Amino acid sequence: MTQDPMCPKCGSENMYSDGSLWVCPDCGHEATSLGSNDTAGDESHDGRVYDAFGNQLQDGDTVTVIKDLKVKGASGSVKVGTKVKNIRLVDASDGHNIACRIEGFGAMNLKSEFVKKV
């Protein structure tokens, strides 16, 4: 019998598999995969953030959006080719690891998988 892994965030032994996710009912942490060292799979590059094409991103970089992105609470969407200047990299458990300001929309967070470094 295999033992379920411990939660990398709170250390709980109550982690359970929900399809392709491992879920901790105690703290709400979700991970796509848990290795033998009990670390979350979403920290795959030592905390570094990469764009959709594998280029490493840094604070202050300029990126371009590569896909139309719907914005919750807004009537429009961020269009392909929109240039975003002076990004900030943030640790976010929901995958939105770029904090930025987009003209016409204001401050928002983006996922690095939808941008290309300029």
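Residues numbered from 1 in each chain as written. Predicted model: local features only at pLDDT ≥ 70, side-chain atom pairs only at ≥ 80, totals over all residues. Heavy atoms only, no water.

Asker: Can you tell me about the overall build of the protein chain, naming the residues and giving the values?
Answerer: Helix and strand counts for the protein chain come out as zero helices and 13 strands. Taken from the N to the C terminus, the helices and strands of the protein chain come in the order β-β-β-β-β-β-β-β-β-β-β-β-β. Counting only carbon and sulfur atoms, one obtains 44% of the accessible surface of the protein chain, whose full area is about 8000 Å². (Helix = DSSP H or I, 4+ residues; strand = E, 2+ residues; numbered from the N terminus. Areas by Shrake-Rupley, 256 points an atom, 1.4 Å probe, with all protein chains shown as cover.)

Asker: So, unusual backbone geometry: which residues are in play, and what are the values?
Answerer: Unlike most non-glycine residues, Asn 86 shows phi in positive territory, near 55°. Take Asn 86: its relative accessible area is 56%, and that puts it in the exposed class. (Buried < 20%, exposed > 50% of the residue type's maximum accessible area, 1.4 Å probe, protein only.)

Asker: Now, about the pattern of salt bridges: what can you tell me, with residues and values included?
Answerer: Going through the model one piece at a time under the given rule, you end up with one salt bridge. Between Lys 117 and Asp 61 there is a salt bridge whose closest N-O contact spans 3.5 Å. Taken as a pair, Lys 117 in strand E13 (residues 115-117) and Asp 61 in the loop between strand E5 (56-57) and strand E6 (63-65) lie far apart in primary sequence, 56 residues in all. A relative accessible area of 30% places Lys 117 in the partly exposed class. Owing to a relative accessible area of 13%, Asp 61 belongs among the buried residues under this scheme. (Salt bridge = Lys/Arg side-chain N within 4 Å of Asp/Glu carboxyl O.)

Asker: Please give an account of the pairing of strand E11 (residues 98-102) that cites residues and values.
Answerer: Most of E11 is tucked away: four of the five residues are buried. Where strand E10 (residues 88-89) lies against E11, two bridges are found, and the strand directions are antiparallel. Of the residues in E11, the one forming a bridge with Arg 88 is Ala 99. The pairing of E11 with strand E12 (residues 106-110) spans five bridges and is classified as antiparallel. When the bridges of E12 are listed, Ala 99 appears paired with Asn 109. (Pairing = 2+ DSSP bridges.)

Asker: Give me the sheet that holds strand E2 (residues 21-23): which residues, what numbers.
Answerer: Taken in spatial order, the three strands line up as E1-E2-E3 in an open sheet, and their pairing is antiparallel. What marks the edges here is a single partner per strand, and that holds for strand E1 (16-18) and strand E3 (30-31).

Asker: I'd love a proper account of the confidence of the model for the protein chain, names of residues and values included.
Answerer: Across the protein chain, pLDDT averages 82, with 83% of residues at or above 70. Per-residue pLDDT stays below 50 along residues 36-44; that stretch engages in 13 contacts with residues further than four places along the chain or on separate chains. (pLDDT = per-residue confidence, 0-100. Contact = heavy atoms within 4.5 Å.)

Asker: So what about the nonpolar core? Which residues, and what values?
Answerer: Side chains that are nonpolar tend, in soluble globular proteins, to be buried together. If you look at the biggest cluster of nonpolar residues, it comprises 15 residues, and the most contacted ones within it are Val 84 and Leu 110. Contributing elements (two or more residues each) for this core: E6, E11 and E12. Ranked by residues supplied to this core, first place goes to E11 with three residues. (Core = buried A, V, L, I, M, F, W, Y, C linked by side-chain atoms within 4.5 Å.)

Asker: Break down the sheet that holds E11 for me, with residues and values.
Answerer: In spatial order, the strands read E10-E11-E12; together these three strands make up an open sheet with antiparallel pairing. Bordering the open sheet on either side are E10 and E12, each of which pairs with just one other strand.

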